[in-house]
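Descriptive analysis of the structure
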Amino acid sequence: MTEDRVCLGAIVGVHGIRGEVKVKSFSDNEKNLTRYGALSNERGDKTFRLKIVGRSKELLRVKIEGVDDRNTAEPLVGTGLYVSRDKLPSLAEEEFYHTDLIGLEARDKSGTVVGKVNALYNFGAGDLIEIKTPQGALEMLPFTKTYVPVINIKEQFIIVEMMQFAADGEGAENEG
């Protein structure tokens, strides 16, 4: 169960032959990856003691205690790195962790349910929120006040301004 834990990062690759891994940090401060002690995998059955040893572009180069060669590091690629929520600082009233949004009901401004929060991403150009509609479609929106003006963690919902796209050919000027 991850409800009582927060994912601080993920191992996304290996670096060199001495067991270093590349980690994508999900924290606003990369030092948070090591600030709270040992981290665990999603299931909580493996513990990792990390030391940040450098950077590789936007990723951190990390040494994991006991991982001393590439062959030991490679199976760890894709592993999320979790910390117990009680080790994290208290949040201000308007603050939240991205994990707190997953599963929240997404409503439009009239209150109609349009889906549930499925995931949050950042591919380098800002945060995106993914909404899974009742029909199973996945819709991505910029995670900004314009598109997500209300976040109500206590009542378990967000308000979203869904983008409307014209169907192929609709709204296009006749180019002929």
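Residue positions are counted from 1 within each chain, in the order its sequence is given. Under the rules for a predicted model, residues below a pLDDT of 70 receive no local features and side-chain atom pairs below 80 are neither given nor counted, while totals for whole chains, interfaces and linings still include all residues. The side-chain values count all of the structure's non-hydrogen atoms but skip hydrogen atoms and water molecules.

**Thoughts on the overall build of the protein**
- Put simply, DSSP marks the helices as runs of H or I at least four residues long and the strands as runs of E at least two long, and each gets a number from the N terminus on. Each helix and strand in the protein was counted, giving two helices and 13 strands.
- For each residue, the accessible area found with a 1.4 Å probe, counting protein chains only, is set against the maximum for its type, and the residue is called buried under 20%, exposed over 50%, and partly exposed in between. Per-residue burial over the protein gives 34% buried out of 176 residues.
- Look at the contacts in the protein between residues 6 or more apart in sequence, and 46% of them connect residues 24 or more apart. The contact criterion used throughout is that any non-hydrogen atoms of two residues lie within 4.5 Å.

**Brief notes about the sheet that holds strand E12 (residues 150-152)**
- Taken in spatial order, the six strands line up as E11-E10-E9-E8-E13-E12 in an open sheet, and their pairing is mixed. Both edges of this open sheet fall to strand E11 (138-142) and E12, since each of them pairs with a single strand only. Across this sheet, the average inter-strand angle for adjacent strands is 35 degrees, counted without regard to direction.
- Pairing of E12 with strand E13 (residues 157-159) involves three bridges; the strand directions are antiparallel. Along E13, the bridge assignment pairs isoleucine 151 with isoleucine 158. Only strands joined by at least two bridges in the DSSP assignment are considered to pair. Note on geometry: axes are lines fitted to C-alpha atoms, helical ones only across the stretch in contact, with angles between N-to-C directions running from 0 to 180 degrees.

**Considering the pattern of salt bridges**
- Basic side-chain nitrogens of Lys or Arg form a salt bridge, by our definition, when they fall within 4 Å of a carboxyl oxygen of Asp or Glu. Counted under the stated rule, the structure contains eight salt bridges.
- Here lysine 63 and aspartate 68 are joined by a salt bridge, their closest N and O atoms 3.3 Å apart.
- On the basis of relative accessibility, which here comes to 23%, the residue lysine 63 falls in the partly exposed class.
- Relative accessible area serves as the criterion here: at 52%, aspartate 68 is assigned to the exposed category.
- One salt bridge in this structure joins glutamate 161 and lysine 109, with 3.1 Å as the shortest N-O distance.

**With respect to the pairing of strand E1 (residues 5-15)**
- Most of E1 is tucked away, with eight of its eleven residues classed as buried.
- Examined bridge by bridge, E1 and strand E7 (residues 80-84) share five bridges and lie antiparallel to one another. Looking at the pairing, arginine 5 lines up with serine 84 of E7.
- The sheet contact formed by E1 and strand E2 (residues 20-25) spans six bridges and is antiparallel. Each residue of the ladder has a partner; that of isoleucine 11, found in E2, is valine 23.

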